[in-house]
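# Results of the structural survey
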Amino acid sequence: MEWKLNCKRFVAFIDIAGFKAMVHNEEATKIATILGEFKIIADKQCEEYGMADMLYTIAVSDSIIIISKDDSEDSFSCFCQSLGVVFNNTLTFKLMTAAVAFGEMYVDRTNMIFFGKPYNIAYSLQEQMNYYGVLCDNSMSDYLKSRELSTHNDNFNFYKRLFIVIPSSLKKESTDGRKSCNEMQENLNFKWFDMHFDPTHRFIEPDGIYVGTYYERISLVFERERLNLLRYKEKIARVEERINNTEEMIRLFSIKEQ
């Protein structure tokens, strides 16, 4: 079935942390390869689940945009799978912030034209985040509530459980016009770090070296990011705060499940 030009869709706006510094320090071909790999990762998920052509993925500068075909439960499942897998692949590359919204979107893939309210909302929400993760607009909450009792789709039900309301650290404008951080608000978030595996799973590298449980591995990524910041002293405090907020959110997620 062809894509409709205008219908309700899921939209994710993803920002790659440290991209501007990477542009100044890496060759263009390497950056293009990395962005291309992210796009391949996102698109491949639908093919593996027999749902090819369910997503439109665009890599633009330091951003990745994922748009679903429509608002069906299959589109929702494919969208969540791709979003989660893209985020989990940051463990070997870069940390990211993302925001998700739902609503009417115009998408003309032939002419590479897309616009709509959910895209604007996702872009704006992502700008407000002071942690690495996936923040959801109220439109996602409304969609999930509308399907609360009407589905027996196992994939849909699996991904639905990964959306959890939890305290989220957002940037807030101070009285002098600057953005001060850490205004905590209860918001819906997508639990990107817990997809198809046990968080206590022990990761073994191909050479047989044990690299820790999943949560330990995330901690290693944060430590790597802190070391990278030593070259950019003006960013240390801001990114350190984001990392601390993210670690706290992961802890709160685990408490929520108990």
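Residues numbered from 1 in each chain as written. Predicted model: local features only at pLDDT ≥ 70, side-chain atom pairs only at ≥ 80, totals over all residues. Heavy atoms only, no water.

Our focus in this paragraph is the overall build of the protein chain. For the protein chain, the count of helices and strands is eight helices and 10 strands. By residue count, 50% of the 258 residues in the protein chain fall in the buried class. Taking all contacts inside the protein chain whose residues are at least 6 apart in sequence as the whole, residues at least 24 apart take part in 68%. When the accessible area of the protein chain is evaluated, it comes to approximately 13,300 Å², of which 53% is carbon and sulfur surface. (Helix = DSSP H or I, 4+ residues; strand = E, 2+ residues; numbered from the N terminus. Buried < 20%, exposed > 50% of the residue type's maximum accessible area, 1.4 Å probe, protein only. Contact = heavy atoms within 4.5 Å. Areas by Shrake-Rupley, 256 points an atom, 1.4 Å probe, with all protein chains shown as cover.)

Successive side chains on a regular strand alternate, one facing one side of the sheet and the next facing the other. Here strand E4 (residues 96-108) lies mainly inside the structure; 11 of its 13 residues are buried. As paired elements, strand E1 (residues 6-16) and E4 share 11 bridges and run antiparallel to each other. Looking at the pairing, Asn6 lines up with Tyr106 of E4. When E4 meets strand E6 (residues 134-136), the two strands line up parallel, connected through three bridges. Considered in E6, the bridge of Val100 is made with Cys136. (Pairing = 2+ DSSP bridges.)

Turning next to helix H3 (residues 73-88). An α-helical turn contains 3.6 residues, so a residue and the one three or four places further along point in the same direction. In a regular helix each residue adds 1.5 Å, so 16 residues correspond to 22 Å; H3 covers 22 Å between its end C-alpha atoms and thus fits that length. In terms of burial, H3 is largely enclosed, as 15 of its 16 residues are buried. (Expected span 1.5 Å × (residues − 1).)

Let us look at the packing of aromatic side chains. The tally for this structure, following the rule as stated, stands at 16 aromatic pairs. Centroid distance Phe10 to Phe79: 5.7 Å. Interplanar angle 35 degrees. Geometry classified as tilted. Taken together, the positions of Phe10 in strand E1 and Phe79 in helix H3 put the pair 69 residues apart, joining distant regions of the chain. Comparing Phe10 with Phe79, the two get one shared label, buried. Relative to Phe114, the ring of Tyr56 has its centre 6.4 Å away and its plane inclined at 80 degrees; by these criteria the two rings are edge-to-face. Of this pair, Tyr56 sits in strand E2 (residues 55-60) while Phe114 sits in strand E5 (residues 113-116), placing them 58 residues apart in sequence. On the basis of relative accessibility, which here comes to 22%, the residue Phe114 falls in the partly exposed class. The rings of Phe10, Phe76, Phe79, Phe102, Tyr143, Phe156, Phe163 and Phe190 are connected pair by pair, giving a single aromatic cluster. (Phe/Tyr/Trp six-rings, centres within 6.5 Å; stacked < 30°, edge-to-face > 60°.)

Another point: the pattern of salt bridges. Here the structure, examined in full by the defined rule, presents two salt bridges. Of the charged contacts, one joins Asp53 and Arg109 as a salt bridge, the two residues approaching to 2.8 Å between their closest N and O atoms. Pair noted here: Asp53 is in the loop between helix H2 (28-48) and E2 and Arg109 is in the loop between E4 and E5, with a separation of 56 residues, a long-range link. In this structure Asp53 comes out as partly exposed when scored by relative accessible area, which is 37%. In this structure, Arg147 and Glu73 form a salt bridge, with 3.6 Å as the shortest nitrogen-oxygen distance. Of this pair, Arg147 sits in the loop between helix H5 (138-146) and helix H6 (154-160) while Glu73 sits in helix H3; the two residues are 74 residues apart in sequence, bridging distant segments of the chain. (Salt bridge = Lys/Arg side-chain N within 4 Å of Asp/Glu carboxyl O.)

Even without being a glycine, Met112 presents a positive backbone phi close to 55 degrees. In this structure Met112 comes out as exposed when scored by relative accessible area, which is 60%.

All right, on to the environment of Glu223 then. Inspection of the secondary structure assignment puts Glu223 in helix H7 (residues 214-228). For Glu223, a relative accessible area of 41% gives the class partly exposed. On a C-alpha basis, the gap between Glu223 and Glu240 in space is 9.9 Å, while along the polypeptide they are 17 residues apart.

What follows deals with helix H4 (residues 117-128). With 12 residues, H4 should reach 16 Å at 1.5 Å per residue; the first-to-last C-alpha distance of 17 Å fits that figure. Every buried residue of H4 is listed here: Pro118, Tyr119, Ala122, Leu125 and Gln126. Looking straight down H4, one finds that the buried residues subtend no more than 130 degrees of arc, so they occupy a single side. (Arc of directions from axis to C-beta.)

This brings us to the pairing of E1. In terms of burial, E1 is largely enclosed, as nine of its 11 residues are buried. Pairing of E1 with strand E3 (residues 63-68) involves five bridges; the strand directions are antiparallel. Bridge pairing links Ile14 to Ile64 in E3.

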